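A closer look at the structure
Below, each chain spelled out in residue letters.
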Amino acid sequence: MPLSVPSLSRRAARHLRTSLFTQVACALVLGVVVGRLWPDLGTAVQPLGDGFVRLIKAVIAPLVFCVVVTGIAHAGNLRAFGRIGLKALIWFEVATTFALVLGLLAANLVQPGAGMNVDPSKLDTSSVDARTGGGTLPSTSEFILHALPESAVGAFAENSLLQVLVLACLVGAALLHLGLTKVPAILPAINQVQEIVFAIVGFVMRLAPLAVFGATAHLVGEYGLGVMSTYGKLIGVCYAVALLFLLLLAVALKAFTGLSLWKFVRYTREEMLLALGTASSETVMPRMMQKLRHAGCRDDAVGLVVPTGYSFNLDGASIYLSIATLFIAQAVGVDLTLGQQVTVVLMLMLTSKGMAGVPGSAFLALSATASALGVIPAGAVALLLGVDRIMDSMRVATNLLGNCVAAFAVSRWEGALDTTRAKQVLNGEVVFVPDPDDTAAAQEDAPVQAEFAGPAGKPERGHPVGAD
């Protein structure tokens, strides 16, 4: 008896029910429509996005702690962990400096602010003060001191990733020093906490479509689409430079590891779309770390490179800051010399490192750079108030992919990357199933999963290499 083939409508309904990517894409389109037609409603549903971000942030600190501690313990070598950290910092500095220089070259070539002839004295700077909350970016010494935890509980309560990293390194070093025979229950307990955290992430991720709908509807409802025509040239330059940077990043990834950035984007398409929809890369950090580990990156490399990159590897922000600085100068009629542009690069190399977690950090960095140059009125930063939110998608996508490429590259550099497994995962031969109970999603890929099934005939779950 021939098998009955489900109708197109039933297949579409099943795909919508089981595919997070499809759900998020539909929510994104619906958010744009609602924000455009009913702006007040778009603002009213903003808490959907904010609530999702809060839930994800609640598990980031314990997740980073667990991944780093287990990574150090499994690696069995604290010196290797230090090498990974040093290599990550070298990669971050090279990448962000290249992004800054690329942005300056593009701004000089296209000159997005030329001909605007803005009088900075007529700009209302009160909105900039409101956006930044009257704060300042930390100095280098303050940044280093703030990375050191004053309280173990406080590091988790404040969600300070650098402080959590320091604590995790100390705990991991203590485990190696004492040996698992003296404290046999600690590492299994941390592994179990890690499993609980990943389970919570799985629960929260089911709310991702609601978050994208709320965030998108609020963005379109509050800012509208008219800003695209006013700042079209600036927006076009920033997005074009970001695309060029990602293409060059893809070449670097291929040269370092032999892996394809496009295949990685396809592998993480749900997370990428969610990050774009919520304008926050933090919302996908737990899942990205899980997928990188599943794709062959060793625990200690992922646990150190990805969280550290959120403070030190802001490639998208670097592109935006360099272009925005020249845009402001051009708009107010200031012609920056080569020496002044070199100063811009040096200033932004420092200020961009302390941006993470600071409200209105982009405006603070731009104001600090303008003040250092002494020729651009600090009040001219207000020119970017209308366009800054539109740049979030560019910054988020570039920052996120930059950190993931750094994780692969540093892992390969340290010999902590299972290249064979990475290619199998990115080619779709080994399927990532974060929730083993999600049988409906597993059945969608049954032909592929049958070949790479585990001992119980199920597709492999996203777990760290070497954890079995």
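Residues numbered from 1 in each chain as written. Predicted model: local features only at pLDDT ≥ 70, side-chain atom pairs only at ≥ 80, totals over all residues. Heavy atoms only, no water.

1. Some points on the side chain of threonine 70
Along the polypeptide, threonine 70 turns up in helix H4 (residues 46–75). Overall, threonine 70 belongs to the buried group, its relative accessible area being 1%. (Helix = DSSP H or I, 4+ residues; strand = E, 2+ residues; numbered from the N terminus. Buried < 20%, exposed > 50% of the residue type's maximum accessible area, 1.4 Å probe, protein only.)

2. Observations regarding helix H21 (residues 392–414)
Think of an α-helix as 3.6 residues a turn; residues three or four steps apart then line up on the same face. A rise of 1.5 Å per residue sets the reference length of H21, with its 23 residues, at 33 Å; its end C-alpha atoms lie 32 Å apart and thus fit the reference within 8%. H21 sits mainly inside the fold: 20 of its 23 residues count as buried. Residue glycine 415 follows H21 closely and has a positive phi angle near 75 degrees. (Expected span 1.5 Å × (residues − 1).)

3. Side note on the packing of aromatic side chains
For any pair of aromatic rings, the description consists of the separation of the ring centres together with the inter-plane angle of the planes. Inspection of the entire model under this criterion finds five aromatic pairs. With 5.2 Å between their ring centres and 85 degrees between their planes, tryptophan 91 and phenylalanine 256 make a pair best called edge-to-face. With tryptophan 91 in helix H5 (residues 78–110) and phenylalanine 256 in helix H13 (residues 232–257), this residue pair connects regions lying 165 residues apart in the sequence. Judged by its relative accessible area of 12%, tryptophan 91 falls in the buried class. Among the aromatic residues, ring-to-ring pairing joins Phe264, Tyr267 and Phe408 into one connected group. Positioned over the ring face of tyrosine 267 is lysine 291, at 4.9 Å from the centre of the ring. One Lys or Arg, arginine 395, reaches over the ring of tyrosine 320 and ends 4.6 Å from the middle of that ring. (Phe/Tyr/Trp six-rings, centres within 6.5 Å; stacked < 30°, edge-to-face > 60°. Lys NZ or Arg CZ within 6 Å of the ring centre and 35° of its normal.)

4. Notes on a nonpolar patch on the surface
A contiguous nonpolar patch, built from Val29, Val33, Leu37, Trp38 and Leu41 and spanning about 490 Å² of accessible area, is present on the exposed surface. Examining the composition of the nonpolar patch, we find that three residues originate from one element, helix H2 (residues 20–37), more than from any other. Residue position: valine 33 is located in helix H2. Its relative accessible area of 38% is what places valine 33 among the partly exposed residues. (Patch = residues over 30% accessible without salt bridge, like charges linked within 9 Å, V, L, I, M, F, W, Y side chains within 5 Å. Areas by Shrake-Rupley, 256 points an atom, 1.4 Å probe, with all protein chains shown as cover. Salt bridge = Lys/Arg side-chain N within 4 Å of Asp/Glu carboxyl O.)

5. Structural notes on the confidence of the model for the protein
Put simply, the protein has an average pLDDT of 78, and 77% of its residues get 70 or more. Confidence over residues 438–468 falls short of pLDDT 50; this stretch has 45 contacts with residues more than four positions distant or in other chains. (pLDDT = per-residue confidence, 0-100. Contact = heavy atoms within 4.5 Å.)

6. Considerations on the side chain of threonine 268
Examined against the element boundaries, threonine 268 turns out to sit in the loop between helix H14 (261–267) and helix H15 (269–278). The class of threonine 268 is buried, set by a relative accessible area of 0%. Aside from chain neighbours lying at most four places away, what touches threonine 268 is Met288 and Lys291.

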